[in-house]
Amino acid sequence: GDDGPALSAELRRVSAIVTDAAGGIIFADDVSETRIRRIDPVTGVIRLMAGGGTGTGERVSGELIRLDGVRDLDVDRIGRIIVPSPGTGEVRMLGF
């Protein structure tokens, strides 16, 4: 699970994977109720970055936001996670 060793985590269905500048692995898990998670390259700890909530709209914090059907991710040069939303044309930028 979150905040524990990635090798012990149970994942449902990974739909997108990218790496950040620090070598972290960022991925979308569970397409129906997408959660964005990151595995720290040094510690191997997996952490929830966004998703799993019910919030919508702008300025909703990462863990409170609802993300559905994420199939693609990117990371910009300053480390924000870019999440295109299929069907709506929206693009979310998650900054940490």
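Residues numbered from 1 in each chain as written. Predicted model: local features only at pLDDT ≥ 70, side-chain atom pairs only at ≥ 80, totals over all residues. Heavy atoms only, no water.

K.L.:
So what exactly am I meant to see when it comes to the pairing of strand β8 (residues 91–94) here?
P.N.:
Within a regular strand, the side chains alternate between the two sheet faces. The alternating pattern of β8 places Arg92 and Leu94 on a buried face and Val91 and Met93 on a face that is not buried. As paired strands, strand β7 (residues 81–84) and β8 are joined by four bridges and run antiparallel to one another. Across the sheet, Val83 pairs through a bridge with Arg92, a residue of β8. (Buried < 20%, exposed > 50% of the residue type's maximum accessible area, 1.4 Å probe, protein only. Helix = DSSP H or I, 4+ residues; strand = E, 2+ residues; numbered from the N terminus. Pairing = 2+ DSSP bridges.)

K.L.:
Mind showing me how you'd approach the confidence of the model for the protein here?
P.N.:
Detail in the predicted coordinates should be disregarded across regions flagged by low pLDDT. Across the protein, the average pLDDT comes to 82, with 81% of residues at 70 or higher. Ranking the helices and strands of the protein by mean pLDDT puts strand β6 (residues 74–75) first, with 92, and β8 last, with 79. (pLDDT = per-residue confidence, 0-100.)

K.L.:
Explanation requested: the side chain of Asp76 in the structure shown.
P.N.:
Here Asp76 shows up in the loop between β6 and β7. Within the structure, Asp76 has its side chain in polar contact with the backbone nitrogen of Ile78 (distance 3.1 Å). Ignoring sequence-local partners within four residues, the contact set of Asp76 consists of Ile82 and Met93. (Polar contact = N/O pair within 3.5 Å; in protein donor to acceptor, adjacent residues only side chain to side chain. Contact = heavy atoms within 4.5 Å.)

K.L.:
It is not clear to me how the sheet that holds strand β3 (residues 25–29) should be interpreted in this structure. Could you clarify?
P.N.:
Strand-to-strand pairing in sheets goes through backbone hydrogen bonds, with the strands running parallel or antiparallel. Taken in spatial order, the five strands line up as β1-β5-β4-β3-β2 in an open sheet, and their pairing is antiparallel. Single-partner strands in this sheet number two, and they are β1 (4–5) and β2 (14–19). Bridging between β1 and strand β5 (residues 45–51) involves two bridges; their strand directions are antiparallel. The residue of β5 that forms the bridge with Pro5 is Val45.

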